[in-house]
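Tertiary structure, described
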Amino acid sequence: MPYVLLLVINAVFVNNFVLSRFLGICPFLGVSKKTETALGMGIAVIFVMGVASVITYAIDLALVAGGMEYLRTIVFILVIAALIQLVEIFVKRFSPSLYSALGVYLPLITTNCAVLGVAIMNVTELAEVNVLYAFVNGVASGVGFTIAILILAGIREKLELADIPDSFKGFPITLLSASIIALSFAAFSGLSF
Amino acid sequence: MKKADLKKTFEPLTTGVFKNNATFRLVLGTCPTLAVTTSAVNGLSMGLATLFVLVCSNALVSMLRNFIPRKVRIPAYILVIATFSTLVEMIMRKFLPDLYESLGLFLSLVVVNCILLARAESFASLNPVIPSVLDGIGIGLGFTFSLTLLGFIRELMGAGSIFGYELGFLVEAGLPMTVFILPAGGFMVYGFMMVIFNAVVKTVENKLAARKAAAGGDE
C-alpha cells in the first residue's frame, strides 16, 4: 500500500508528466484555451492511460516471454491506436453522454506521446511492477496531466484580457506561463524518495 | 530544366528550415524539443535521428501513396514511422550506447512525434518521392537547427559549457543558472526564442514584400 501512495505522489506532483517529464506537450499547449475543454481532454487522457497501462503491461509480458522486447515501440503504438478506436466505439454505444463530452479529444489522444510514454515507462522504469501498480501509475499520470492543463487553461483565460506585445501573442506567452508553473512544480522535487 | 522549375523543386528544402520551421513556426514536436535540449549535443543528435526517420518515412509514404486506402492511412503511416524509429533505436543502442542512455525514453517516442505524422499526412501522401524526400530533409534540418540552438543556449546558461566543453571563467564567475537546465528553463528559453524567431521572420517578410512592391512599381 505505501508503494501505491508513493507512486501517486510521484506521478502527480514530483514527476508531473507535462511539467517535469515533457510528455504530452502538444495537447497541453493546443487544448488549453478554455477550462472546460481542458477538463474534457484531461478526463479522456486519464481514462485512456488507465486502460492502456493494463493492456500494454499484459502484452509486454508476452513480448518478454518471447524474447521480442525490441518490438515494444511498434506493438505498443499499434495497440494504443486500436485501443482508442475501441474505446471510442464502446463509449459511443454505452454512454452517449460521456461520448459527447469527450468529443474530438478521444481520437486526438493517439498522437499524445504521454500515453505511449506511460506504457513504456511502466515496463522499463518502475521499481516494482504488477498490473495494479501499472494501472495506478497510468491513472495518476493522467491526473497529473489534468491538473497541469487545468492550471494553464485558467491562466490563459485571464491572458485573453491582458494587453500583450504583438510578438508574444499566442504560443510564446503560453510557454512563458508554462515556465512559471513548471518552476513552482519544481519545488515538489524535494518530495522525491 | 528551367531555373524556375529547379527553384520550385528545391522550395520545400528552404521553406522547411525557415518559413515552416517545425519548432518555432508550426509548433510541432514540442515534447522532444523541450525534453532533450538540456545540452547542445543531445539536441543535435535528437534532431539528426528525427531527420533520418522523417526522410525515410516521407519517402516510403510517398511511394505507397496510391496503394494505401484512405480509411486506414493513419495506422499505415504510424506503422511506417514506427519501423524506422525502431531501426534508429536499435542502431543507436548498438553503436552509441551513451547517447542512447541520455536520450532515453524520447528515442522510442520519435514515433509519436507529431512532425512525422503531420508531414506524412500533409505532404508525402500528396506529392511524388523526390519533393517528399526534400521536404523531409528541409523540415528535419529546421528541426535539428532549432534543437541544437535551444540546447546550446540552455547548456551555456545552465551549465556554463559549449558542446560539453566547460568554460572555466563562466563557472568561476558563478554565471551558470541551474534553472535553465530544469524544465522551467526549457519552457522559458523556448518561449523567448519563439518571440525572436517570429519577430525576425515577420521583419524579413515585410522587407521582401516592400521590395517586391517597389520592383513592381518600377516595371
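Residues numbered from 1 in each chain as written. Chains lettered and ligands numbered in written order. Predicted model: local features only at pLDDT ≥ 70, side-chain atom pairs only at ≥ 80, totals over all residues.

To continue, consider the overall build of chain B. Check the secondary structure of chain B and you find 10 helices and two strands. C-alpha atoms of chain B, sized along the principal axes, occupy 60 × 55 × 30 Å. The buried share of chain B, taken over its 219 residues, is 45%. Long-range contacts, defined as pairs at least 24 residues apart, comprise 76% of the intrachain contacts of chain B with a sequence gap of at least 6. (Helix = DSSP H or I, 4+ residues; strand = E, 2+ residues; numbered from the N terminus. Buried ≥ 20, exposed ≤ 12 C-beta atoms within 10 Å, placed from the backbone. Contact = placed C-beta atoms within 7 Å.)

What follows deals with the interface of chain B and chain A. In this assembly, 32 residues from chain B lie in contact with 30 residues from chain A. Elements with a minimum of two residues in the side of chain B that touches chain A: α2 (30-36), α4 (73-95), α6 (105-108), α7 (114-124) and α10 (183-218) of chain B. Looking at the side of chain B that touches chain A element by element, the count peaks at 10 residues for α10(B). By residue class, the composition of the side of chain B that touches chain A is 24 nonpolar, seven polar and one charged. (Nonpolar A, V, L, I, M, F, W, Y, C, P; charged D, E, K, R; others polar.)

All right, on to the nonpolar core then. Core analysis: the largest hydrophobic core is formed by 105 residues, its most contacted members being A:Val115, A:Leu116 and B:Ile81. Here this core takes 10 residues from helix α8 (residues 131-159) of chain A, the largest share from any one element. The residues touching A:Leu116, leaving out its near neighbours within four places in the chain, are A:Phe76, A:Ile77, A:Ile80, B:Leu109 and B:Val112. (Core = buried A, V, L, I, M, F, W, Y, C linked by C-beta atoms within 7 Å.)

Let us now look at helix α8 (residues 129-159) of chain B. All names here are of chain B. The end-to-end C-alpha distance of α8, which contains 31 residues, comes to 43 Å, matching closely the 45 Å that a straight helix rising 1.5 Å per residue would cover. A large share of α8 lies buried, amounting to 23 of its 31 residues. Two residues or fewer past α8, glycine 160 is found with a positive phi of approximately 65°. (Expected span 1.5 Å × (residues − 1).)

What follows concerns the environment of A:Gly42. Residue and element names in this part refer to chain A. Structurally, glycine 42 can be placed in helix α3 (residues 35-65). Separated by 16 residues in sequence, glycine 42 and cysteine 26 have C-alpha atoms that sit 13 Å apart. Setting aside residues no more than four positions away along its own chain, glycine 42 makes contact with Phe145, Thr146, Ile149 and Leu150.

This paragraph deals with the confidence of the model for chain B. Residue and element names in this part refer to chain B. Of all residues in chain B, 95% have pLDDT values of 70 or greater, and the mean over the chain is 83. Here helix α1 (residues 3-17) is the element of chain B with the lowest mean pLDDT, 70, and helix α3 (residues 40-63) is the one with the highest, 91. The ipTM value of the predicted complex is 0.80, and its pTM value is 0.83. (pLDDT = per-residue confidence, 0-100.)

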